[in-house]
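Given next are the chains, with one letter for each unit.
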Amino acid sequence: MTEAAVLDALTLETLLGHATDDAITAGDTVVRLLDDTGTICDLVRVSPAPATPGAFHALQARLRSIRPDPRGVAWQYWNGRVWRHLANAGVDRSPTSSETTPAG
């Protein structure tokens, strides 16, 4: 790992820490879109933070309907302590019968 890569990672961590702290202080939360390597593709502040199952379902539906970065695979939200999985990116696709029926 290069010195520049370490500095970039520290900068990102600091900025993300400030964003999450500011959001939680205001009663909001932050959601992030990750690619398949765990790299952040998008970061969105959500106001107010969802507090009920219905609010979480509405946020999941909203996030599934958008895909701001084609590399994104999963949305996570900051719960004040840790990042938690919220939704897969993009529109959910139901498996076809050939995907669910064993061959043979």
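This text goes with the structure placed above it.
Cut-offs applied
Residues numbered from 1 in each chain as written. Predicted model: local features only at pLDDT ≥ 70, side-chain atom pairs only at ≥ 80, totals over all residues. Heavy atoms only, no water. Helix = DSSP H or I, 4+ residues; strand = E, 2+ residues; numbered from the N terminus. Expected span 1.5 Å × (residues − 1). Contact = heavy atoms within 4.5 Å. Pairing = 2+ DSSP bridges. Axes fitted to C-alpha atoms, helices over the stretch in contact; angles between N-to-C directions.

A.B. asks: If you had to explain helix α1 (residues 3–25) to someone new, which residues and values would you point to?
C.D. replies: For α1, built from 23 residues, the straight-helix expectation of 33 Å at 1.5 Å per residue is met to within 8% by its first-to-last C-alpha distance of 33 Å. Of the surrounding secondary structure, the elements contacted by the buried residues of α1 are β1 (29–34), β2 (40–46), β3 (74–78) and β4 (83–88). Of the residues trailing α1, G27 is marked for its positive phi of about 85°.

A.B. asks: Account for the sheet that holds β4, naming residues and giving values.
C.D. replies: Strand order in the open sheet made by the 4 strands is β2-β1-β3-β4, with antiparallel pairing throughout. The open sheet is flanked by β2 and β4, the only strands paired with a single partner. Adjacent strand axes in the sheet meet at a mean angle of 25°, parallel and antiparallel pairs treated alike. Contacts from helix α2 (residues 53–65) reach β1, β2, β3 and β4, with the element oriented near 60° to β4.

A.B. asks: Before we move on, can you summarise the pairing of β4 with the specific residues and values?
C.D. replies: The pairing of β3 with β4 spans 5 bridges and is antiparallel. Following the sheet pairing, W75 is matched in β4 by A87. Adjacent in sequence and paired antiparallel, β3 and β4 are bridged by 4 residues, among which G80 carries a positive phi angle near 105°.

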